[in-house]
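Spelled out from the first residue to the last, the chains are:
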Amino acid sequence: MKADIKVAVIGGGAAGFFTALSVKEHNPSAKITLFEKTTKVLTKVKISGGGRCNVTNAVTDLEILCGAYPRGGKQLRNSFFKFDTTDTQKWFESRGVSLKTEIDGKVFPVSNNSQSIIDCLINQAKKSEVVIEYNSAIKSLVKKNLQWLLHIQNKIQPQIFDYVVVASGGSPKRKGFEWLLNLGHSISTPVPSLFTFNMPHESITQMMGVTIEQAQIKIKGTSIETKGPLLITHWGMSGPAILKASALGARILNDLNYTFEIEINWVMERNTEVLFLKLQEFADQYPQKTLLKKKGFLLPNRLWQYLIKKSGIPLDKKWCELGKKKIRHLVELLSSDTYSVVGKTTFKEEFVTCGGIKLKNIDLKTMQSKSCPNLYFAGEVLDIDAITGGFNFQAAWTTGFIAGKLG
């Protein structure tokens, strides 16, 4: 515990607020000022999960939890021992926010309203007497003796603090990290993560609104493979399987200028011989039924009809009329359907950055900079990012909690 210290927290997002509250919990006499460069705080919390706020994930298995982070998972392993997904749920529920876990492990407030999380964080900040300064973008940090001078845009005099925690979030451009580069930190160049795939030249976009419960995705020419729900949109494809692929391949897809091909297995079976035998048995069982009236797999009707047309088989064709050649052709399409991707679209305005302060610059036991004593980091400003499911917020809560201990 450090007595009568002044602490600056830079960034009014999830990590910034949680850091400020952790500082107060571990150092009750600390005077804390939170600097936000805009006129609003917790904006990403507001829109998260379609406005419901996917606050964390219920997974407790450490291997699975760390595996949700394409960047930073291994390094966060020990951090999760200090504050994990269970701790997050206890923290919010002990402060009056009832939570629920959905079938896919995502945790939301029972209210289904992100405002419940926002109100909790803001109310706790008020109780902790955290001062919030809006429209306060940081121009530079300067170390003078044992203190930090914060130079703020549009303000002549710098503010002086004993400790600084940077929780300023990700930045789509490298120049957003310049003031931290000037302090001797190295940056992993930021590129987008968690985005949907644009398919402007593919007719499957006519199936917009169709959801597939489980599909396997492979980005051709890479080792990236995912599975999960998939949504067809008017611009291309989205859903957990696509978003996970975008996170895993963030740098690779950036290098490809977001122009590549994906292969989709619509029926979750790789063995084409197994699929062939299944369809052949189906044809024997329903010989007089047409492909339109009797689906060979439990796919959405519109998608089934689209795939049959794509295979060149008439919808009024009877199963007994297919023959082995057409069945094999249909099997190939169902198991390895290919589409061209040209471009990306940000997922529901939830921009996530792959990149940031390289973790080798940070003592991950404390989140303190190795080169600048009394300077700490938390949240997405670090080179840590995850797939969807509440994991990005969990990284914010975990790193914010640890950074707030101030060593």
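The structure contained in this document is the topic of the report that follows. None of these values were measured; they are calculated from a predicted model.

The rules behind these values
- Residues numbered from 1 in each chain as written.
- Predicted model: local features only at pLDDT ≥ 70, side-chain atom pairs only at ≥ 80, totals over all residues.
- Heavy atoms only, no water.
- Helix = DSSP H or I, 4+ residues; strand = E, 2+ residues; numbered from the N terminus.
- Buried < 20%, exposed > 50% of the residue type's maximum accessible area, 1.4 Å probe, protein only.
- Areas by Shrake-Rupley, 256 points an atom, 1.4 Å probe, with all protein chains shown as cover.
- Lys, Arg positive; Asp, Glu negative; His and termini not counted.
- Charge placed at Lys NZ, Arg CZ, Asp CG, Glu CD.
- Phe/Tyr/Trp six-rings, centres within 6.5 Å; stacked < 30°, edge-to-face > 60°.
- Lys NZ or Arg CZ within 6 Å of the ring centre and 35° of its normal.
- Salt bridge = Lys/Arg side-chain N within 4 Å of Asp/Glu carboxyl O.
- Expected span 1.5 Å × (residues − 1).
- Contact = heavy atoms within 4.5 Å.
- Polar contact = N/O pair within 3.5 Å; in protein donor to acceptor, adjacent residues only side chain to side chain.
- Arc of directions from axis to C-beta.

### A closer look at the overall build of the protein chain
Logical step 1: For the protein chain, the count of helices and strands is 13 helices and 22 strands.
Logical step 2: Taken across its 407 residues, the protein chain has 53% of its residues classed as buried.
Logical step 3: Split by element, the accessible area of the protein chain, about 18500 Å² in all, is 50% carbon and sulfur.
Logical step 4: The positive charge centre, built from 53 side chains, and the negative charge centre, built from 35, are 3 Å apart in the protein chain.

### Observations concerning the packing of aromatic side chains
Logical step 1: Tallied over the full model, the rule gives 17 aromatic pairs.
Logical step 2: Seen in terms of ring centroids, Phe282 and Tyr286 are 4.9 Å apart; in terms of plane orientation they differ by 50°. Their pairing is tilted.
Logical step 3: Of the residues examined, Phe282 reaches a relative accessible area of 12% and is grouped as buried.
Logical step 4: An aromatic cluster of three or more residues is present, and its members are Phe18, Phe83, Trp91, Phe92, Phe393, Trp397 and Phe401.
Logical step 5: Across the ring face of Tyr286, the terminal group of Lys294 is positioned such that the distance to the ring centre comes to 4.5 Å.

### Some words on the pattern of salt bridges
Logical step 1: Within the structure shown, the criterion is met by 12 salt bridges.
Logical step 2: Each member of the salt-bridge network shares a partner with another, and the members are Arg52, Lys100 and Glu102.

### Some details on helix 10 (residues 272–285)
Each full turn of the α-helix corresponds to 3.6 residues, which orients residues three or four apart in the same direction.
Logical step 1: Taking 1.5 Å as the rise per residue, helix 10 with 14 residues should run 20 Å; its terminal C-alpha atoms sit 20 Å apart, in good agreement.
Logical step 2: The inward-facing, buried residues of helix 10 contact helix 12 (323–335).
Logical step 3: The backbone nitrogen of Glu273 lies 2.9 Å from a side-chain oxygen of the residue at the head of helix 10, namely Asn271.

### Some remarks on the side chain of Ser188
Logical step 1: Of note, Ser188 is situated in strand 11 (residues 187–193).
Logical step 2: For Ser188, a relative accessible area of 11% puts it in the buried group.
Logical step 3: Within polar-contact distance, the side chain of Ser188 engages the side chain of Asp383 at 3.4 Å.
Logical step 4: The residues contacting Ser188, other than those within four sequence positions of it, are Arg251, Gly355, Gly356, Lys358 and Asp383.

### Here we look at helix 5 (residues 85–93)
Logical step 1: For helix 5, every residue scored as buried is listed here: Thr85, Thr88, Gln89, Trp91 and Phe92. All buried residues of helix 5 project into a common sector of 160° when viewed along the axis, lining one side.

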